[in-house]
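Coordinate analysis (summary)
Below, each chain spelled out in residue letters.
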Amino acid sequence: MFVRQYEVDRVGAQRSETAHTRGSGSVVLVQLLGPVEYRAAGESPVELGQARQRCIFAMLAVSANEVVMPDELIDRAWGAEPPQSARNMIHSYISRLRGALENGGGGAGATLRRRNGGYTLEVDPDSVDLRRFRRIVAAARGAADTRTSVLLFREALDAWQGRALGGLKGEWAERTRRLLERERVSALVACHEAELRLGNHLGLLDELHSLADQHADNELVIRNLMTALHRSGRRAEAVEAFDALRRRLADRLGVDPAPQTRELYARILRGDTEVVAVPSAAEVAPTVPRQLPRGIRCVGREQELAMLDGFVTADDGRPPTRVIEGPSGIGKTALAVQWAHRVAHRFPDGQIFVALHGSGAEGRQGRAWPGARTTGAPRQDGPPAVPLPAPRAVPARERAPSADDVLRFVLRSLGVTVPRTESDPVAFGQRVLRELKLLVVLDDLASADQLAALLPGPSAGALLVTTRDAGRLDGLGGLRAVRLRELSAQQARRMLAGILGERRVAAEPEGVARIIELCRRTPRALSEAAEHALVRPCLPLADLAEAMAAGAVGAG
């Protein structure tokens, strides 16, 4: 009865979706989950040009409505050895694609624009099949009841019209295709689990066998197959499926099946008629860390954020390690945290923040403002550079963590402990991280070893590093660096106005200019100066600037 009703509900949902898609002449479809295509509703596919030009379109469509920098397009299209004319060729491809989209869409639909030094494909997110697939899968995972969840999963999976990025070749296409296939399998496994809870074990057997043949090492797939076989009265085959999995894991990885799989096997051996595909979420859900500090909006860093967005692949086809470099107080951590919050939704397996104290814990009490004069020194026309006090001795609790400390902290954040019998903790950690959609932020890196312990990093995740000196990472591959500099005077004024209010800042332009000068346009010093002013609402900003210059108001 369930199978029949499910099919009725599913057909109804498909008809509703089809009617919605075809009912508007302005709807645009960007197809990535199959042959790469672009079309307006009711029209034939737009000719996107030769193979590499189609690949450029797909790169922009995968990151729809996000800025992709030209260097990233070059890296993805040609890898480590692009031709000298690569940049000109990118410009040419973009120009032809822009014309094709304008002619094919009648002025509506997807638009290719230049923004913040890069390119962005502006389009309704729901008009991109990949974005729609991800949205519906998220809705299915959060559905209030199991039947609705199944219908939504099936609707999402129907978006797949064949192999993702069909017709495209090259390292970027192959790697992206593998990542998208993992997303499809993850959604299909979750759908199977929900259908098994509804008792549809007979109707799933063929699909489960096919999926198990393709993903023989995936324990979630095998657990679902074991459950369906046992419920269908085929206990011997369920036991054989477990034995085959155990042998493969032992031969390939030297590990045993997970406790949940072994428990399911034991229940099948006992003849438990109430076998379920997976235990309750509380029993098996991995720890999902959400460790990002509270974010603040960085002023004047729009281009740097766009560069971080654009770094998608390294030379080896894996996600690059993003590096934010700059001197003390320039806003490295603030930018890292803002970007991490901005993209956190891409990393459902968690976001981990590791404070590494690479610069040492500098004594900040009594520190002079960057542009302040020392006590008793004659005032000069320009703000002299005054060296900060030497760093104090760092207590043991503040010393930089070792590479092993970093690795174990990341694993503990995920609820994983390195076994005492493990002879190679780094290799163990890399196996754990390999398939996770995880974001790890290493703030104030102390040494290359701290990063190397996590490399090559999650194949579907991201590593983000802040450091004063990216030179300490020489020798590590796959890095993409953003160098931060001081703000412009206008950006510094915007920052003060954002904290103190436009009215107060506009009322004292000379005092504001002097504060900006004393802070050397560095975000941390400007923030601290604004905090002094914020708690003294009646204090003229010119008086605050004079006190800062004289050292009467300390920095930090």
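Keep in mind that what you see is a predicted model, and the values were worked out from it rather than measured.

The next subject is the overall build of the chain. From N to C terminus, the chain includes 22 helices and nine strands. Considering the chain as a whole, with its 556 residues, one finds that 45% of them fall into the buried category. Considering only contacts within the chain whose residues lie at least 6 apart along the sequence, 69% involve residues at least 24 apart. Carbon and sulfur atoms form 50% of the exposed surface of the chain, whose accessible area is close to 26,500 Å².

Turning next to the confidence of the model for the chain. Here the chain averages 82 in pLDDT, while 81% of its residues score no lower than 70. A low-confidence stretch, residues 1–26 stays under pLDDT 50, and its non-local contacts, those more than four residues away or across chains, total 22 contacts. Considering only residues more than four positions removed or in separate chains, one finds that residues 361–366, a stretch of pLDDT under 50, has 12 contacts.

This part is about the packing of helix α5 (residues 129–141) against helix α6 (residues 146–157). Packing of α5 against α6 leaves a shortest axis separation of 8 Å and a crossing angle of 165°. Here α6 runs roughly antiparallel to α5, going by the angle between their axes. The interaxial crossing formed by α5 with α6 has left-handed handedness. Packed against α5, whose contacting residues are Phe-133, Ile-136, Val-137, Ala-139, Ala-140 and Arg-141, the element α6 presents Ser-149, Leu-152, Phe-153, Glu-155, Ala-156 and Leu-157 at the interface.

A few words now on the packing of aromatic side chains. Under the definition given, this model contains three aromatic pairs. When the ring of Tyr-38 is compared with that of Phe-57, the centres are 6.1 Å apart and the planes differ by 70°; the resulting orientation is edge-to-face. Placement of Tyr-38 in strand β2 (residues 37–40) and of Phe-57 in helix α2 (residues 51–62) is noted, with a sequence separation of 19 residues between them. A single burial state applies to Tyr-38 and to Phe-57, both of which are buried. Measuring from ring centre to ring centre gives 3.9 Å for Phe-242 and Tyr-265, while their planes differ by 10°; the resulting arrangement is stacked. With Phe-242 in helix α10 (residues 235–252) and Tyr-265 in helix α11 (residues 259–269), this residue pair connects regions lying 23 residues apart in the sequence. Here Phe-242 falls in the buried class, since its relative accessible area comes to 1%. For Tyr-265, a relative accessible area of 16% gives the class buried. Directly above the aromatic system of Tyr-119 lies the positively charged group of Arg-114, at a separation of 4.8 Å from the ring centroid.

Turning next to the pattern of salt bridges. For the structure on display, the rule yields 28 salt bridges. The partner of Asp-126 in a salt bridge is Arg-135, and the shortest N-O contact between them spans 2.8 Å. As a salt-bridge pair, Glu-181 and Arg-184 come within 2.8 Å of each other at their nearest N and O atoms. Of this pair, Glu-181 and Arg-184 both sit in helix α7 (residues 171–197), three residues apart, which is roughly one turn of the helix.

Quick notes on the rules
Residues numbered from 1 in each chain as written. Predicted model: local features only at pLDDT ≥ 70, side-chain atom pairs only at ≥ 80, totals over all residues. Heavy atoms only, no water. Helix = DSSP H or I, 4+ residues; strand = E, 2+ residues; numbered from the N terminus. Buried < 20%, exposed > 50% of the residue type's maximum accessible area, 1.4 Å probe, protein only. Contact = heavy atoms within 4.5 Å. Areas by Shrake-Rupley, 256 points an atom, 1.4 Å probe, with all protein chains shown as cover. pLDDT = per-residue confidence, 0-100. Axes fitted to C-alpha atoms, helices over the stretch in contact; angles between N-to-C directions. Parallel < 35°, antiparallel > 145°, perpendicular 65-115°, else oblique. Left-handed = near helix turned anticlockwise from the far one by under 90°. Phe/Tyr/Trp six-rings, centres within 6.5 Å; stacked < 30°, edge-to-face > 60°. Lys NZ or Arg CZ within 6 Å of the ring centre and 35° of its normal. Salt bridge = Lys/Arg side-chain N within 4 Å of Asp/Glu carboxyl O.

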